[in-house]
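Below are the chains, spelled out letter by letter.
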Amino acid sequence: MSVAEVERAAAPRWRGVVGAVSVVALGGAAWARDGVNDPLARFLVAAAVVVLTAHLLGALFRRFGQPQVVGEVVGGLLLGPSALGLLWPAGQQWLFTAPVRQGLGSAADLGLAVFMFLVGCRIRPEELGARGGALLGLGVGSLLAPFVGGLGLALLLGDRLASGTRPAAEALFLGLALSVTALPVLARILTELRLTDRPHGQLALGAAALGDGVGWGALTVLLALTGGRAGGAPLTVAALVVLLPAVRYGLRPALAALVDWAEREPESRSGQLLSALLAGLLGLAALTQWLGLHPVVGALLFGAATPGGHPAVRRICRQLEGFTSAVLLPLFFVGVGLRTSAGAVLGDPVGWLLLLAVLAVAVGGKLLGAVLGTAVAGTPRAEGLRLGVLMNCRGVTELVVITIGHQAGLVNDLGATVLVLMAVLTTAATAPAYRLLERRAAG
C-alpha cells in the first residue's frame with residue numbers, strides 16, 4: 001500500500017478523533033458556562049450515562065452467554081448505592097439529584113407502560129387451551145408451588161420483608177413475587193439456546209404466558225383489594241369489575257376493527273394506527289393509575305385487547321420495542337438500582353440468611369412445581385427438571401412486580417432489595433443451569 005493510500009485510509013479516523021475532541025471541547029465550554037445549574041442539561045447527562053452503562057454492561061454479559069437484560073439490570077445496580085454510591089457518594093449524589101431522579105422516573109414510567117403493552121400483545125389466552133395437559137401442569141405447578149412457599153416464608157419472616165401492617169396482603173404479594181416467570185426474557189433465552197422450535201421450549205413459553213396472565217390478574221385484584229387513590233378499595237374493586245368486561249367486549253372488537261382499517265392502506269394509515277395505539281395504552285394506563293391499580297395494569301390490559309398476531313400490530317411492536325429496550329427500560333433499571341442497596345443485605349449475616357431463604361423457596365418451588373406438574377401428564381422427571389430451570393427466569397417482569405409492591409407498601413426496602421437480588425441471580429443462572437443439565441443428559 002502506498003503512502004497516499006495509507007493517508008487516505010487514516011483520514012476518516014483522524015477526522016473522527018478531531019470531531020470527538022471538538023464536541024468534548026464545546027461541551028466542556030457550554031458546561032462551564034451554565035451546564036452545572038441547568039436542570040435539562042443535568043437530566044440529559046444522567047440519561048446518557050444510564051443508557052451507555054446499560055448497553056456496555058448488556059454487551060459484556062452477552063459475551064458470557066447471559067441475556068442482555070441481566071447486564072442492563074447490573075448496570076442499574078452499579079449506578080445506585082450498591083456501587084457508585086458506596087465508592088463515590090458525592091459523584092452519585094451530583095449525578096442523580098432529586099429533580100434528575102424525578103425526570104428519570106417519569107421517563108421510566110413511560111417506558112414501563114410501553115413495555116407492558118408489548119407483554120400484553122404476546123399474551124394470547126385463546127391459544128393456550130390446545131397445548132395439552134403438560135402445559136397446564138407446568139403452568140399451574142410452577143405458579144402454585146413457589147406461591148405456597150412464599151406464603152410460608154411470609155409467616156416466618158414477613159416482619160423483616162414487609163411492614164407487617166397488612167400481613168395477609170403482604171404474604172399474598174410475596175407469594176406472587178416468587179411465582180413470576182418473565183415471558184420476554186425467557187423468549188430471548190430460548191432463542192439463544194435454540195429451543196424455540198423444540199417441544200419443551202414451546203411448552204415453557206406457553207406456561208410462562210399462562211403464568212403471566214394469571215399472575216398479573218392476581219396482582220391486579222390484590223392492588224384493588226388494598227385500596228386505590230380514588231376512594232379506597234370498594235371503588236377500586238367496583239371499577240375493576242366494570243373495566244375487565246369493558247376491555248374484553250368493547251375495547252377488543254374496536255381495536256380489531258381499527259387494525260383491519262389500517263391494514264387496508266398500510267402505507268398511509270400505519271402512522272395513524274401507531275398514534276391511536278399509543279394514545280389508547282397511555283390513556284388506559286392513566287385511568288388505572290387514577291383508580292389505584294398502577295398504570296402497568298392499564299397498559300397490559302390494552303396490550304391483551306390488541307390483536308397482537310396481526311401483521312400491522314407486529315410491525316408497530318417491533319418499532320416500539322427498539323426504542324423502549326434501547327432507552328426507556330435502562331432508565332427503569334437505574335431507578336430500581338437507585339432504590340436498591342446490596343450492602344444492606346450482603347453486609348449483614350441476617351441479610352444473607354434472608355436472601356438464601358428467598359432463593360431456596362423461589363428456585364426450589366419452581367423446580368418442584370414443574371417436575372410434579374408435568375409428571376401428571378407423563379413427562380419424564382429429567383425433562384420436568386429442565387423445564388423448571390427455564391421457569392426460574394424472572395427478568396424484567398419480576399422487577400416490575402417488585403416496584404409495584406414497593407410503591408404500594410407491600411414490601412419494605414430490605415424486602416425489595418432481597419427480591420431484586422433474587423431476580424438477578426435466578427435470571428443469570430437460567431441459561432448456564434440449563435446447559436449443565438443438557439450436558440449431563442447427553443453424557
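> How should the overall build of the protein be read in this particular structure?
The number of helices and strands found in the protein is 19 helices and zero strands. Residues classed as buried in the protein amount to 47% of the 443 residues present. Summarising the internal contacts of the protein: among those between residues at least 6 apart in sequence, 79% fall at separations of at least 24. When the accessible surface of the protein is split by element, carbon and sulfur atoms take 68% of a total near 20400 Å².

> Hey, could you run me through the state of the cysteines in this one?
By definition, a disulfide links the sulfur atoms of two cysteines through a covalent bond. All chains considered together, the criterion is met by zero disulfides. Here Cys 317 stays unpaired: no disulfide links it, and the sulfur of Cys 121, its closest cysteine neighbor, is 4.0 Å away. A relative accessible area of 13% means that Cys 317 is categorised as buried.

> I'm lost on the nonpolar core in this one. Help?
One recurring pattern in soluble globular proteins: nonpolar side chains tend to sit buried together. By size, the foremost hydrophobic cluster in this structure holds 123 residues, and its most contacted members are Phe 96 and Leu 419. Counting residues per element, this core draws most heavily on helix H6 (residues 98-122), which supplies 13 residues. If we ignore the near neighbours within four places in the chain, the residues touching Leu 419 are Phe 173, Leu 174, Ala 177, Leu 178, Val 358, Glu 398, Ile 402 and Val 411.

> Before we go on, may I ask you to explain the packing of aromatic side chains in this structure?
Between two aromatic rings, the relevant description is the distance of the centres plus the angle of the planes. This structure, assessed with the given rule, holds two aromatic pairs. Ring geometry for Phe 117 versus Phe 302: centroids 6.0 Å apart, planes at 40°, classification tilted. Placement of the pair is Phe 117 in helix H6 and Phe 302 in helix H13 (residues 295-305), with a sequence separation of 185 residues. Of the two residues examined, Phe 117 and Phe 302, each falls in the buried class. Ring geometry for Phe 332 and Phe 333: centres 6.0 Å apart, planes at 55°, overall tilted. Comparing Phe 332 with Phe 333, the two get one shared label, buried. A cation over an aromatic ring shows up here: Arg 42 above the ring of Trp 94, its NZ or CZ 4.5 Å from the ring centre. Against the face of Tyr 249 rests Arg 248, its NZ or CZ located 5.0 Å from the ring centre.

> Sorry, what's going on with the side chain of His 310 here?
Mapped onto the elements, His 310 comes out in the loop between H13 and helix H14 (311-338). A distance of 3.5 Å separates a polar atom in the side chain of His 310 from a polar atom in the side chain of Asp 260. Apart from residues lying up to four places away in sequence, His 310 is in contact with Val 259, Asp 260 and Glu 263.

Cut-offs and rules
- Residues numbered from 1 in each chain as written.
- Predicted model: local features only at pLDDT ≥ 70, side-chain atom pairs only at ≥ 80, totals over all residues.
- Heavy atoms only, no water.
- Helix = DSSP H or I, 4+ residues; strand = E, 2+ residues; numbered from the N terminus.
- Buried < 20%, exposed > 50% of the residue type's maximum accessible area, 1.4 Å probe, protein only.
- Contact = heavy atoms within 4.5 Å.
- Areas by Shrake-Rupley, 256 points an atom, 1.4 Å probe, with all protein chains shown as cover.
- Disulfide = S-S within 2.5 Å.
- Core = buried A, V, L, I, M, F, W, Y, C linked by side-chain atoms within 4.5 Å.
- Phe/Tyr/Trp six-rings, centres within 6.5 Å; stacked < 30°, edge-to-face > 60°.
- Lys NZ or Arg CZ within 6 Å of the ring centre and 35° of its normal.
- Polar contact = N/O pair within 3.5 Å; in protein donor to acceptor, adjacent residues only side chain to side chain.

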